[in-house]
Amino acid sequence: SVLAGRERDLAGRRVVISAGGTREALDPVRYIGNRSSGLQGYALARTAAARGAEVTLVAANVALPDPAGATVVRVESALDLRAAVFEAAENADAVVMAAAVADFRPTARSGSKIKKTSADPEPVHLTKNPDILAELCERRRNGGKPAPEVIAGFAAETDDVLANGRAKLARKGCDLLVVNQVGEGLAFGTPDNAAVVLVAGGEPVEIPRGPKEALADVVWDLIAPRLS
Ligand code: CTP
Ligand code: CA
């Protein structure tokens, strides 16, 4: 069966998975965040470990128990996540960026709690965060390090799913892009996902609505044969 072929097919492989959603601090008590639960990243970690991989899971603000057999590195912000992913990727065979990384962070972080006054507040100024996935791909392309054999990203799109996904795959320069369809009770915080995996130089692979574990196994099915 398909399942039998999966057994331990990642033995000896080192994989890095980012999961959850980053938080970008405004002051010691407040942040700008997103709705990522970490469920998909954790499912990727569990399935990879079950298939024999040595897993480092970089978890941003996830309220889930550590997956059995994975080394978990906890981070908060996009800059923290970048440092942890690059360190873990040093000797990794594959990196899967399932985390929702904030595109922007507050330009200034107040050292003390921002107080309410009678006037309306000042606008929040934002600065672009580095694109970790694009940077990983660019370093590999330029012959630099780290250079994992497979780099995969995730994208949540609400409209023009395929066209936006294709453009994103090309822009990032990664090998696989798992494009989730969000909305209609799918993706965020739910046990189910539906996706299409875009493959650089290949045909898209549709994954019908089902548990995040099943989607994770299909992602590893696509990654495993790309590892030498
Ligand atoms: N990503 C990243 N670093 C960022 C933003 C995103 O590594 N600063 C990664 C995510 O982990 C994900 C992939 O890039 O694997 C796609 O994220 P997405 O937000 O869909 O792409 P963006 O390029 O940020 O485009 P958009 O304008 O649609 O948000
Ligand atoms: Ca984004």
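Right above here is the structure, for reference.
What you are looking at is a predicted structure, and each value in this text was computed from that prediction instead of being measured.

A separate point is the coordination of the calcium ion (ligand 2). The protein atoms donating to the calcium ion (ligand 2) are Asp103 (OD) and Asp103 (OD), with metal-donor distances spanning 2.5 Å. If you trace the backbone, Asp103 turns up in the loop between β6 (94-97) and β7 (104-106).

Attention shifts here to unusual backbone geometry. Leaving glycine out, the prevailing phi sign among residues is negative, and the prevailing peptide bond configuration is trans. Across the junction of Lys145 and Pro146, the peptide omega takes the value -5°, indicating a cis bond. The backbone of Arg8 sits at a positive phi, close to 55°, despite the residue not being glycine. Summarising the element assignment, Arg8 is placed in the loop between α1 (2-6) and β1 (14-20). Residue classification places Arg8 among the exposed residues on the basis of a relative accessible area of 51%. Backbone geometry at Asn61 places phi at a positive 60°, although glycine is not the residue there. Following the sequence through the fold, Asn61 ends up in the loop between β4 (54-60) and β5 (70-75). The partly exposed category is assigned to Asn61, whose relative accessible area is 23%.

Between the first and last C-alpha of helix α2 (residues 39-50) there are 16 Å, a value that for 12 residues agrees with the 16 Å anticipated at 1.5 Å per step. Within α2, 9 of the 12 residues are buried, which leaves the element mostly enclosed by the surrounding structure. Listing the buried residues of α2 in full gives Gln40, Gly41, Tyr42, Ala43, Leu44, Ala45, Thr47, Ala48 and Ala49. Just past α2, the residue Gly52 takes up positive phi, approximately 100°.

It is worth spelling out the nonpolar core at this point. Ranked by size, the top nonpolar core spans 36 residues in total, and within it Ile17, Leu44, Val55, Trp220 and Ile223 carry the most contacts. Mapped onto this core, the elements with two or more residues apiece are β1, α2, β4, β6, β9 (150-157), β10 (176-181), β11 (192-199) and α6 (212-223). Contact partners of Ile17, with chain neighbours within four places excluded, come to Gly41, Leu44, Ala45, Val55, Thr56, Leu57, Val58, Val96 and Trp220. Among the nonpolar cores identified, the runner-up in size contains 27 residues, and Leu133, Leu169, Cys174 and Leu198 belong to it.

For ligand 1, the set of nearby residues contains 14 residues, the closest of which are Met97, Ala99, Pro130, Leu133 and Lys168. Contact between ligand 1 and Pro130: a nitrogen atom at 2.8 Å from a main-chain N or O atom of the residue. Here an oxygen atom of ligand 1 sits 2.8 Å away from a polar atom, N or O, in the main chain of Leu133. Relative to its unbound accessible surface of 570 Å², ligand 1 loses 77% to contact with the protein.

For the rest of this paragraph, the subject is the pairing of β11. Most of β11 is tucked away, with 7 of its 8 residues classed as buried. As paired elements, β10 and β11 share 5 bridges and run antiparallel to each other. Bridging from a neighbouring strand, Asn180 pairs with Ala195 of β11. Bridge count between β11 and strand β12 (residues 205-211): 5 bridges; the pairing is antiparallel.

Conventions used here
Residues numbered from 1 in each chain as written. Chains lettered and ligands numbered in written order. Predicted model: local features only at pLDDT ≥ 70, side-chain atom pairs only at ≥ 80, totals over all residues. Heavy atoms only, no water. Donors = N, O, S within 2.8 Å, 3.2 Å for Na, K, Ca; no water. Helix = DSSP H or I, 4+ residues; strand = E, 2+ residues; numbered from the N terminus. Buried < 20%, exposed > 50% of the residue type's maximum accessible area, 1.4 Å probe, protein only. Expected span 1.5 Å × (residues − 1). Core = buried A, V, L, I, M, F, W, Y, C linked by side-chain atoms within 4.5 Å. Contact = heavy atoms within 4.5 Å. Near = heavy atom within 4 Å. Polar contact = N/O pair within 3.5 Å; in protein donor to acceptor, adjacent residues only side chain to side chain. Areas by Shrake-Rupley, 256 points an atom, 1.4 Å probe, with all protein chains shown as cover. Pairing = 2+ DSSP bridges.

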